[in-house]
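So you can see what is in the structure, the chains are spelled out below.
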Amino acid sequence: PISTGGAGGYGLDKDFHAAIFAALVYSALKAFPNLKLLVFVGLAIYGFAVEYIQGRYFPLRHFDWLDITADLTGLLIGSVLYWVLKRKDLTANEH
């Protein structure tokens, strides 16, 4: 596993969580633009489930609220990116 950093628990691992979830939500929103809420909620549940499973069933891993926070941050970043780029496309097509 990637180091979680010092006593604060923040490290490169959290950046990876955010980046992966940003890419996941952006890709899912591109694929399923009519299911925005379902995509967001589904991926949030997925992030929570992964943390729960690794904390419950993998002895060398643990449940980490900071990982979930990073996942949710990535979902927000990816969703905003999707919205901004979609809006830019719509604006460009009007001209």
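In this text, all values refer to a predicted model and were calculated from it rather than measured experimentally.

Engineer: Is there a simple way to explain the overall build of the protein in this structure?
Structural biologist: If you tally the helices and strands in the protein, you get 3 helices and 0 strands. Counting helices and strands in the order they occur from the N terminus, the protein gives α-α-α. Burial statistics for the protein: of 95 residues in total, 27% are counted as buried. Considering only residue pairs separated by 6 or more positions, the protein has 54% of its internal contacts joining residues 24 or more positions apart.

Engineer: Looking at this structure, how should I read the pattern of salt bridges?
Structural biologist: Pairs can form between side chains of opposite charge once their charged atoms are near each other. In total, this model carries 3 salt bridges according to the counting rule given. Across the salt bridge formed by aspartate 67 and lysine 14, the nearest N and O atoms sit 2.7 Å from each other. With aspartate 67 in helix H3 (residues 65-94) and lysine 14 in helix H1 (residues 12-31), this residue pair connects regions lying 53 residues apart in the sequence.

Engineer: Before we go on, may I ask you to explain the packing of aromatic side chains in this structure?
Structural biologist: Centre distance and the angle of the planes are the two values used to describe a pair of aromatic rings. Under the definition given, this model contains 5 aromatic pairs. Between phenylalanine 48 and phenylalanine 63, the ring centres sit 5.6 Å apart and the planes meet at 75°, which makes this aromatic pair edge-to-face. Of the two residues, phenylalanine 48 sits in helix H2 (residues 36-57) while phenylalanine 63 sits in the loop between H2 and H3, which places them 15 residues apart along the sequence. Exposure remark for phenylalanine 48: the relative accessible area of 38% places this residue in the partly exposed category. Residues phenylalanine 48 and tryptophan 65 carry aromatic rings whose centres are separated by 6.0 Å and whose planes lie at 55° to one another, so their mutual orientation is tilted. Of this pair, phenylalanine 48 sits in helix H2 while tryptophan 65 sits in helix H3, and the two are 17 residues apart along the sequence. Counting every residue linked through ring pairs, the aromatic cluster contains Phe48, Phe63 and Trp65.

Rules of the game
- What you see as residue numbers is a count from 1 along each chain, following the sequence as written.
- Local features in this predicted model are restricted to residues whose pLDDT is 70 or higher, and side-chain atom pairs enter the listing and the counts only when it is 80 or higher, whereas totals over whole chains, interfaces and linings include all residues.
- Working from all heavy atoms in the structure, the side-chain values ignore hydrogens and water.
- Put simply, DSSP H or I for four residues or longer makes a helix, DSSP E for two residues or longer makes a strand, and each gets a number counted from the N terminus.
- The buried label applies to any residue whose accessible area, calculated with a 1.4 Å probe on protein chains only, is under 20% of its type's maximum; exposed applies above 50%, and partly exposed to all values in between.
- Contacts were defined at the residue level, with two residues in contact if any of their heavy atoms lie within 4.5 Å.
- Salt bridges are counted wherever a side-chain nitrogen of Lys or Arg sits within 4 Å of a carboxyl oxygen of Asp or Glu.
- Classification of ring pairs rests on two measures: the distance between centres of Phe, Tyr or Trp rings, Trp counted by its six-membered ring, which must be within 6.5 Å, and the angle between planes, read as stacked under 30 degrees, edge-to-face over 60 and tilted in between.

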